[in-house]
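# Architecture at a glance
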Amino acid sequence: METTFQRIIRRTGRKPVSCKCRECQQQCRTCPCLGTPDDIERLIDAGYSDKLALTYWCVGQMFGAIPHPIRMVQAIQTDGGCIFFRDGLCELHECGLKPTEGRLSHHTTRLETFRFRNSLAWNVAKEWIDVRNDDTIQRIETKLKLRIL
Ligand code: SF4
């Protein structure tokens, strides 16, 4: 059976990549990459609950893809960008816990080649409204004592 990660690779045409260039680092300084419910549950189970928070993803609404923001749990954004960004590196990289958008994102994506429907952020974000992930999201709700669905 196709995993969530494989589904996102198929829909976006992206491949796992690791790049430490200045442009990729700038993404981490701007805002946290998005994780699927599976990614976020793995982070909770690894002890990172205090670095996660409920958030409302509004980009899909801005593009007219969905009539409301999507509720999800993601890494906290600090004044310096993503809370997991330290000394120019992702704290989660070595332990294999980097969220899906970060694992598939690369600086070569340009505005002229951007198509929202195939975009990485949209395809990760909509996992939070996919009923196949309801069980995972309910476990996240219990573990973090908050309501997402
Ligand atoms: S989780 Fe890691 S890759 Fe994703 S934005 Fe934060 S520091 Fe960057």
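Everything below is about the structure shown above.
### Notes on the pairing of strand 2 (residues 70-75)
Within strand 2, five of the six residues are buried, leaving the element largely enclosed by the surrounding structure. Pairing between strand 1 (residues 52-57) and strand 2: six bridges, direction antiparallel. Residue pairing in the sheet places Leu52 in a bridge with Ala75 of strand 2.

### Here we look at the site of the ligand
Around the ligand, the structure places Cys28, Pro32, Cys33, Ala75, Cys82, Phe84, Phe85, Cys90, Leu92, Lys98, Pro99 and Gly102. Residue composition of the shell around the ligand, by class: ten nonpolar, one polar and one charged.

### Observations concerning the nonpolar core
Counting 24 residues, the largest nonpolar core has Phe84 and Ala125 as the members making the most contacts within it. Counting only elements with at least two residues in this core, the list comes to helix 3 (37-45), strand 2, helix 6 (120-125) and helix 7 (134-144). Not counting residues within four places of it along the chain, the set of residues in contact with Ala125 comprises Leu34, Trp57, Gly60, Ile70 and Met72.

### Some details on the packing of helix 3 against helix 7
Each packed pair of helices is defined by two parameters, the angle between the axes and the distance between the axes. Running from N to C, helix 3 and helix 7 point in directions that differ by 30 degrees, and their axes come no closer than 9 Å. Relative to helix 7, helix 3 is oriented roughly parallel. Here helix 3 runs over helix 7; the crossing is left-handed. Note on element contacts: helix 7 touches helix 3 through Thr136, Ile137, Arg139, Ile140, Lys143 and Leu144, opposite Pro37, Asp38, Ile40, Glu41 and Ile44. Its residues placed into classes, the contact of helix 3 with helix 7 shows six nonpolar, one polar and four charged.

### Looking at unusual backbone geometry
Notably, Asp87 is not glycine yet its phi reads approximately 50 degrees, a positive angle. Turning to its location among the elements, Asp87 is positioned in the loop between strand 5 (85-86) and strand 6 (89-90). Here Asp87 falls in the exposed class, since 5 other C-beta atoms lie within 10 Å of it. Positive phi outside glycine occurs at Lys145, with the angle close to 55 degrees. By the element assignment, Lys145 lies in the segment after helix 7. Judged by local crowding, Lys145 falls into the exposed class, with 7 C-beta atoms found within 10 Å.

Calculation rules
- Residues numbered from 1 in each chain as written.
- Predicted model: local features only at pLDDT ≥ 70, side-chain atom pairs only at ≥ 80, totals over all residues.
- Buried ≥ 20, exposed ≤ 12 C-beta atoms within 10 Å, placed from the backbone.
- Helix = DSSP H or I, 4+ residues; strand = E, 2+ residues; numbered from the N terminus.
- Pairing = 2+ DSSP bridges.
- Near = placed C-beta within 6 Å.
- Nonpolar A, V, L, I, M, F, W, Y, C, P; charged D, E, K, R; others polar.
- Core = buried A, V, L, I, M, F, W, Y, C linked by C-beta atoms within 7 Å.
- Contact = placed C-beta atoms within 7 Å.
- Axes fitted to C-alpha atoms, helices over the stretch in contact; angles between N-to-C directions.
- Parallel < 35°, antiparallel > 145°, perpendicular 65-115°, else oblique.
- Left-handed = near helix turned anticlockwise from the far one by under 90°.

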